[in-house]
Amino acid sequence: MYPELLGTYGDGGNGLVLSERARRRGVDVELVRAGMDDRLPVGDVYLLGGGEDGPQRLAVALLREAEFSKHVDDGAMVFAVCAGLQMLGTSFSVQGDDQYVGLGLVDAVTTRAPARAVGDLVTTVEGITMVGFENHGGETTIGAGVKPFASVVHGRGNDGRVDGFRSGRIWATYAHGPVLALNPWLADAVLVEALGLGELAPLDSVADRLYETRCQALMKRSAD
Ligand code: GLN
């Protein structure tokens, strides 16, 4: 959604990865880049990327106007990163310390952290390593009934302890990368969830091999 507003951190790559991995399994997919002047398309999975504070506020206003939440209520999946994550919550704070109303699809509040989190983000999702990088000024508190997306191993994510949230078919993380290019297993998990597919056959792509190399490097580092 809105590459001109939410394209700052390269998260548009998540769409490319999803569509390519679906195609390689024989699934016919259409990747739609919906700009701010386009009508909101009807889709199986909506991708929201990271963005700067001002564009993030504008994206919330546009999604509200386009009644985005109706698509989510109708069962569409959402995969959101950073600004996208913050926008889905009840409120978020950007420039200065002003608090803005979010889309309210998830019980999550983002406030301004004392310092910006910039650097590698290493987490685990149900024991599986997820790597990425983060670059944000927010700190997110999720409601008691909301499940975090991942546990933080290195970096901040929401609060130095957990990263993102998973609420029904809304999945969100602070990890850029693009995260689905760095973590192919996660791209496949999104496809399975969004399209109601059974288990997908493994792919022997460069991305899959690089993921294994990264995990080995992390293991070696923690053993040293
Ligand atoms: N503008 C938000 C922040 O700084 C989100 C940044 C991002 O998407 N990387 O917290």
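Here the structure is a predicted model, which is why all the values come from computation and not from measurement.

Participant: Even after reading the chapter, I still don't get the overall build of the protein chain, so can you show me in this structure?
Facilitator: Each helix and strand in the protein chain was counted, giving seven helices and 10 strands. Compactness check: the protein chain gives a C-alpha radius of gyration of 17 Å against a globular reference of 17 Å for 224 residues, within 12% of the reference. With respect to the three principal axes, the spread of C-alpha positions in the protein chain is 45 × 45 × 30 Å. Buried residues in the protein chain amount to 49% of all 224 residues. When contacts within the protein chain are restricted to residue pairs at least 6 apart in sequence, long-range pairs at least 24 apart make up 65% of them. Counting every atom, the protein chain has about 10700 Å² of accessible surface; 51% of that belongs to carbon and sulfur. Distance from the positive charge centre (20 side chains) to the negative charge centre (30 side chains) of the protein chain: 3 Å.

Participant: What should I look at first to understand the side chain of Ser 93 in this one?
Facilitator: Along the polypeptide, Ser 93 turns up in strand S3 (residues 91-93). You can call Ser 93 buried: its relative accessible area is 2%. The residues contacting Ser 93, other than those within four sequence positions of it, are Asp 98, Gln 99, Thr 110, Thr 111 and Arg 112.

Participant: What is the right way to look at the sheet that holds strand S9 (residues 165-167) in this model?
Facilitator: What the four strands build is an open sheet, ordered S1-S2-S10-S9; its pairing is mixed. Each having just a single partner strand, strand S1 (45-48) and S9 make up the two edges of the open sheet. Taking the axes of each pair of neighbouring strands and ignoring which way they run, one obtains an average angle of 10° across the sheet. Here S9 pairs with strand S10 (residues 170-173) via three bridges, running antiparallel. If you follow Phe 165 over to S10, its bridge partner there is Ala 172. Running at roughly 150° to S1, helix H1 (residues 13-23) makes contact with S1 and strand S2 (77-81) of the sheet.

Participant: Sorry if this is basic, but what is going on with the site of the ligand here?
Facilitator: Around the ligand there are 15 residues in total, and Gly 51, Asp 53, Gln 56, Cys 82 and Asn 135 lie nearest to it. Note that an oxygen atom of the ligand is positioned 3.3 Å from one of the backbone N or O atoms of Gly 138. Bound to the protein, the ligand loses 100% of the 300 Å² it would expose on its own. Going through the elements one at a time, helix H2 (53-65), helix H4 (83-88) and strand S6 (128-142) are the ones with two or more residues in the shell around the ligand. With four residues, S6 is the largest single contributor of residues to the shell around the ligand. Class assignment of the residues belonging to the shell around the ligand gives a composition of three nonpolar, nine polar and three charged.

Here is what the cut-offs are and how they apply
Residues numbered from 1 in each chain as written. Predicted model: local features only at pLDDT ≥ 70, side-chain atom pairs only at ≥ 80, totals over all residues. Heavy atoms only, no water. Helix = DSSP H or I, 4+ residues; strand = E, 2+ residues; numbered from the N terminus. Rg over C-alpha atoms; globule rule 2.2 N^0.38 Å. Buried < 20%, exposed > 50% of the residue type's maximum accessible area, 1.4 Å probe, protein only. Contact = heavy atoms within 4.5 Å. Areas by Shrake-Rupley, 256 points an atom, 1.4 Å probe, with all protein chains shown as cover. Lys, Arg positive; Asp, Glu negative; His and termini not counted. Charge placed at Lys NZ, Arg CZ, Asp CG, Glu CD. Pairing = 2+ DSSP bridges. Axes fitted to C-alpha atoms, helices over the stretch in contact; angles between N-to-C directions. Near = heavy atom within 4 Å. Polar contact = N/O pair within 3.5 Å; in protein donor to acceptor, adjacent residues only side chain to side chain. Nonpolar A, V, L, I, M, F, W, Y, C, P; charged D, E, K, R; others polar.

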